[in-house]
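# Fold and contact review
What follows is each chain in one-letter form.
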Amino acid sequence: FNSGFNDYRVSRVYEYLDDLYNNKNSNDYRLLSNNDKQKLTTFNLCIGKCTPSDTAKDNTIECADVLENQMIGLLTVSDYMNASLDANCKATTDKSCQNYNYLRLKETEWWLLTGNAANDYEAYIVKSNGYIDINTTSGYKKIRPTIMLNNNVMIKSGNGSASNPFILK
């Protein structure tokens, strides 16, 4: 509940994700088993900041600052924009980016990794209506952790739906 200089490398969300990956948050709940972790690979996390009017959807702005060899992270503004099939999703806070977007979660607000370049104490969120917005980093929102599977992982079964999720081998 404190606002300050928003630097992902020293942020509470970075610390929380690291604890989550390393199963430090609770003895009762493990996000990933050791078997799960063997299916993952490191990736470079794009932590650059953008403005509400930025139009790049290829992570070039976010990838101007990279945190290398990460095992867990969050989606960027560009990731969310690219998930929209609406041709009018052209700038960071275009309301059309929520249209035909498979990442949209109704009734849930969640953090994106990207900070606001105009104000150091703000970052982007996805609102419950699917719009990308700016919020002070002291606010409470959900997170949607991201990981990267290594190239040896194959689908054993399932179709990827909620009722029949992929089982990986």
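Conventions we followed
- Residues numbered from 1 in each chain as written.
- Predicted model: local features only at pLDDT ≥ 70, side-chain atom pairs only at ≥ 80, totals over all residues.
- Heavy atoms only, no water.
- Pairing = 2+ DSSP bridges.
- Helix = DSSP H or I, 4+ residues; strand = E, 2+ residues; numbered from the N terminus.
- Axes fitted to C-alpha atoms, helices over the stretch in contact; angles between N-to-C directions.
- Salt bridge = Lys/Arg side-chain N within 4 Å of Asp/Glu carboxyl O.
- Buried < 20%, exposed > 50% of the residue type's maximum accessible area, 1.4 Å probe, protein only.
- Core = buried A, V, L, I, M, F, W, Y, C linked by side-chain atoms within 4.5 Å.
- Contact = heavy atoms within 4.5 Å.

## So, the sheet that holds strand E5 (residues 132–136)
- Spatial ordering of the open sheet is given by E3-E4-E5, a layout of 3 strands whose pairing is antiparallel. Edge positions in the open sheet fall to strand E3 (110–115) and E5, since each of these has one partner strand only. Between one strand and the next, the sheet's axes are offset by a mean angle of 40 degrees, whatever the strand orientation.

## What to know about the pattern of salt bridges
- All told, the structure shown has 4 salt bridges when counted by the stated rule.
- Lys49 is paired through a salt bridge with Asp120; the nearest N and O atoms lie 3.5 Å apart. Of this pair, Lys49 sits in the loop between strand E1 (43–46) and strand E2 (66–70) while Asp120 sits in the loop between E3 and strand E4 (122–126); the two residues are 71 residues apart in sequence, bridging distant segments of the chain.
- On the accessibility criterion, Lys49 (27% relative accessible area) is partly exposed.
- According to the relative accessible area criterion, Asp120 is partly exposed, its value standing at 33%.

## Section: the nonpolar core
- Membership of the largest hydrophobic core comes to 17 residues, with the highest contact counts inside it found for Tyr8, Leu17, Tyr21, Leu45, Ile47 and Leu113.
- At the level of elements, helix H1 (12–21), E1, E3 and E4 are the ones that each hand at least two residues to this core.
- Considering every element that reaches this core, the biggest residue donor is H1, with 3 residues.
- The contacts of Leu17, once residues within four sequence positions are left out, are Tyr8, Ile72, Gly73, Leu74, Ile143 and Pro145.
- Core analysis: the second largest hydrophobic core is formed by 14 residues, Cys50, Tyr80, Cys89 and Cys97 among them.

Honestly, it's all geometry; don't read function into it.
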